[in-house]
Amino acid sequence: MANPDTVNANREIEAAPRVADYVVDADVHVTPPPTMWKEFLSPQFREFAPTLEAIDDVDYTVFEGQRRAVHLMQSQAGRKTEEYKNVGKFSDMRLGGWQAEKRIDDMNRDGMDKAILFGGGPLQTGNLDLFLDSFDAFNRWQSAFCSYAPDRLYSAAFLPTVDVPTTVRMMHEAKKRGDVAVNIPAFPQSLRNFSKMSSIWQAMTGDVSGERQYRDPEFDPIWATAQELDLAVTFHLGARISRYKDKTNFLPDIPMGKTAMLEVVSIMIYGGVFDRFPDLRVGLIESGVGWIPWACEYMDRTWEMQRHWTECNIKHPPSFYFDANIYASFISDRIGVQLRNMPGCKNIMWSSDYPHSETTFPHSHATIADNFNDVPAAERDWIIAGCAEKFFGLR
């Protein structure tokens, strides 16, 4: 077995044979180097930007008096699974994470025609103004990355929900840049619990125990703006934190992070959000899909039994909203593909998750072949291309 410390993640990889003529990758990622903040933060914050420091075989991000090792679970593309390692240098990452021309090269190798990009989000800081500006900075960087190949790379902006007017402003800016979606935390963020320690998890998860919920009228301007601008809204995991640095708890955390996304969308369904905004498109990204038909059946049954005393007066059974408004993506989910015609699985999308540790690169078409064995070509093509085109408004 190769020594992970000596593996070249950027070694040449032969192009894989295709099994489908056209693929839209619904979820890939970027891994910008810390040095990008100096260029993309607003001028008044650039003096506070992180720097990169190399010590022996590990690179460190230095920011606000702390030194953090570069963690590689965000970028294992180019390595075999037995070659994975958790910490190291930026040179241990696949260059396609931050160099657009290399990303296009890897898409060509892997048979990906278009891709929607999600990123790493804001800085971990207790300075609220810097925290909010870092969302803008990241979004500007990612949009610039996508501009290298605007007919193949599409950006999903990363947005805070500290206050609704700021979110709405950023949505308009995202649309103006050409972004195709906006990603918000699984639960609304809370100033009450905001701190340097919590800021990074607030970006993905929000405040799970906070008083604010997306069903509240406070958030209706966000849903109205999404409808007005024809922007998809995504939740990228986040309902449960995965301890990606902890090798003891990482594996148990991964599956729980998928099904936990049901809570996020259930709050919106039962709270009548989709009745008020029937054209709203919401995506559960990287959630997996095999659990959705079970959830729909269970939610329909319990709603019928409990809706009177709970005064839950939504217009339709919960499964209706999954098929009308809710989309979900998966990486490899043969059970979900088999259940594609069950309630709730109408709008499912395939993704490679490049360059994260679950990525199918460079064998994505082999994964597609495995997941869609005996599936009619038209149904396969909807899941690996058509559904993502509809959700993200690519056509």
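By convention here, each chain's residues receive numbers from 1 onward along its written sequence. Totals for whole chains, interfaces and linings use every residue, but because this is a predicted model, local features are given only for residues with pLDDT of at least 70 and side-chain atom pairs only at 80 or more, for both listing and counting. Excluding hydrogens and water, the side-chain figures rest on all heavy atoms present in the structure.

Please explain the overall build of the protein chain as it appears in this structure.
Scanning the protein chain for helices and strands turns up 14 helices and 12 strands. The C-alpha atoms of the protein chain give a radius of gyration of 20 Å, which matches the 21 Å a tight globule of 395 residues would have. Overall, the protein chain is about 65 × 50 × 40 Å in size when its C-alpha atoms are taken along their principal axes. In the protein chain, buried positions account for 59% of the 395 residues. We call two residues in contact when some of their heavy atoms are within 4.5 Å. Considering only contacts within the protein chain whose residues lie at least 6 apart along the sequence, 71% involve residues at least 24 apart. Surface accessibility of the protein chain: about 17000 Å² in total, with carbon and sulfur atoms responsible for 53%. In summary, the charge assignment counts Lys and Arg as positive and Asp and Glu as negative, without counting His or the chain termini. Charge placement uses NZ in Lys and CZ in Arg. For Asp and Glu, CG and CD serve respectively. For the protein chain, the distance from the average site of its 41 positive side-chain charges to the average site of its 54 negative ones is 1 Å. What counts as a helix is a DSSP run of H or I of at least four residues, what counts as a strand is a run of E of at least two, and both are numbered from the N terminus. In this treatment the radius of gyration is a C-alpha quantity, and the globule benchmark scales as 2.2 Å times the residue count to the 0.38 power. Burial here depends on accessible area, computed with a 1.4 Å probe over protein chains only, as a share of the maximum for the residue type. Under 20% is buried, over 50% is exposed, and the range in between is partly exposed. A 1.4 Å probe and the Shrake-Rupley method give the accessible areas. Residues count as covered only by the protein chains that appear here.

How do you make sense of the packing of helix 8 (residues 261–270) against helix 11 (residues 318–325) when you look at a structure like this?
Packed helices, taken two at a time, are described by the angle their axes make and the gap between the axes. Here, axes are lines fitted to C-alpha atoms. For helices the fit covers the stretch in contact, and angles between N-to-C directions go from 0 to 180 degrees. Interaxial distance between helix 8 and helix 11 falls to 10 Å at its minimum, and their mutual angle equals 105 degrees. Our classification of the angle between helix 8 and helix 11 gives roughly perpendicular. Across the interface between the two elements, Leu262, Val265, Ile269 and Tyr270 from helix 8 touch Pro318, Tyr321 and Phe322 from helix 11. Put simply, Ala, Val, Leu, Ile, Met, Phe, Trp, Tyr, Cys and Pro go in the nonpolar bin, Asp, Glu, Lys and Arg in the charged bin, and everything else, Gly too, in the polar bin. Among the residues forming the contact of helix 8 with helix 11, the class breakdown is 7 nonpolar, no polar and no charged. Convention used here: angles under 35 degrees read as roughly parallel, angles over 145 as roughly antiparallel, angles from 65 to 115 as roughly perpendicular, and any remaining angle as oblique.

Can you help me understand the sheet that holds strand 7 (residues 153–158) in this one?
Sheets are built from strands paired through backbone hydrogen bonds, the pairs being either parallel or antiparallel. By the convention used here, strands pair only if DSSP detects at least 2 bridges between them. Within the open sheet, the 8 strands sit side by side as 1-6-7-8-9-10-11-12. Their pairing is parallel. The outermost strands of the open sheet, each flanked by one partner alone, are strand 1 (24–29) and strand 12 (348–350). Averaged over neighbouring strand pairs, the angle between their axes works out to 30 degrees when direction is ignored. The sheet contact formed by strand 10 (residues 282–285) and strand 11 (residues 326–330) spans 3 bridges and is parallel. Note on strand 11: the bridge partner recorded for Val282 is Ile326.

Teacher, can you tell me more about the pairing of strand 6 (residues 114–118) here?
By the criterion of burial, strand 6 is predominantly enclosed, with 5 of the 5 residues buried. Pairing analysis gives 4 bridges linking strand 1 to strand 6, with the strands arranged parallel. The partner of Val28 across the bridge, within strand 6, is Leu117. As paired elements, strand 6 and strand 7 share 3 bridges and run parallel to each other. Bridge pairing in strand 7 links Ile116 to Tyr154.

Any chance you could explain the sheet that holds strand 4 (residues 66–71) here in plain terms?
Strand order in the open sheet formed by 4 strands is 2-3-4-5, with antiparallel pairing between adjacent strands. Each edge of the open sheet carries a strand with a single partner, namely strand 2 (51–55) and strand 5 (87–88).

Looking at this structure, I do not really get the side chain of Gln202. What am I missing?
Mapped onto the secondary structure, Gln202 falls in helix 5 (residues 196–204). Owing to a relative accessible area of 4%, Gln202 belongs among the buried residues under this scheme. Those residues in contact with Gln202 that sit more than four places away from it in its chain are Pro185, Gln189, Ser190, Asn193, Phe194 and Asp207.

Would you explain the packing of helix 4 (residues 164–177) against helix 6 (residues 220–229) in this entry?
One can describe the packing of helix 4 onto helix 6 by two numbers: an axis separation of 9 Å at closest approach and a directional angle of 15 degrees. Between helix 4 and helix 6, the angle is such that the two are roughly parallel. The hand of the helix 4/helix 6 crossing is right-handed. On the side of helix 4, the interface is formed by Val164, Thr167, Val168, Met171, His172 and Lys175, while helix 6 contributes Pro221, Ile222, Thr225, Ala226, Glu228 and Leu229. With the far helix as reference, a near helix turned anticlockwise by less than a right angle produces a left-handed crossing, and one turned clockwise produces a right-handed crossing.

I would appreciate a short explanation of the packing of aromatic side chains in the present structure.
The description of an aromatic ring pair uses the distance of the two centres, along with the angle that the planes make with each other. Here a Phe, Tyr or Trp ring, Trp counted by its six-membered ring, pairs with any other such ring whose centre lies within 6.5 Å, and the pair is stacked when the planes are under 30 degrees apart, edge-to-face when over 60, and tilted otherwise. As enumerated under the stated definition, the model contains 15 aromatic pairs in all. Taking the centre distance of 5.2 Å and the plane angle of 85 degrees together, the rings of Tyr354 and Phe361 count as edge-to-face. Look at Tyr354 and you get buried, because its relative accessible area is 4%. Overall, Phe361 belongs to the buried group, its relative accessible area being 5%. An aromatic cluster is built from Phe131, Phe135, Phe158 and Phe194, whose rings are joined through pairwise contacts. Here the guanidinium or amino end of Arg307 rests over the ring plane of Trp303, the centre of that ring lying 4.7 Å away. Each ring is checked for a lysine NZ or an arginine CZ that lies within 6 Å of its centre and within 35 degrees of its normal; such an atom marks a charge sitting over the ring.

So what exactly am I meant to see when it comes to helix 11 here?
Residues separated by three or four positions in an α-helix point in the same direction, a consequence of the helix having 3.6 residues per turn. Among all positions of helix 11, only Pro318, Ser319, Tyr321, Phe322 and Asn325 are buried. For helix 11, the angular spread of buried residues about the axis comes to 160 degrees, placing them on one side. Buried residues along helix 11 sit in contact with helix 8, helix 9 (273–276), strand 10, helix 10 (292–310) and strand 11. The arc refers to the directions leading from the helix axis to the C-beta atoms.

Could you clarify how one ought to interpret the nonpolar core in this entry?
The nonpolar core is taken to be a set of buried Ala, Val, Leu, Ile, Met, Phe, Trp, Tyr and Cys residues, with the residues joined through side-chain atoms within 4.5 Å. By size, the foremost hydrophobic cluster in this structure holds 99 residues, and its most contacted members are Trp223, Phe235, Met268, Ile269, Leu280 and Phe322. Per-element tally for this core: the top contributor is helix 3 (residues 128–146), with 9 residues. Sequence-distant contacts of Trp223, defined by excluding residues within four places in its chain, comprise Ile184, Tyr214, Val233, Met268, Val273, Phe277 and Leu280. Judged by nonpolar contacts, the second largest core, of 18 residues, contains Val24, Ile116, Ala156 and Val180.

Honestly, the environment of Pro343 in this entry has me stumped. Any pointers?
Here Pro343 lies in the loop between helix 12 (334–338) and strand 12. The exposure class of Pro343 is partly exposed, given its relative accessible area of 40%. Note: C-alpha distance between Pro343 and Thr166 (177 residues apart in sequence) is 36 Å. Residues within four places of Pro343 in sequence aside, it is in contact with Ile292, Pro293, Cys296, Ser319 and Asp323.

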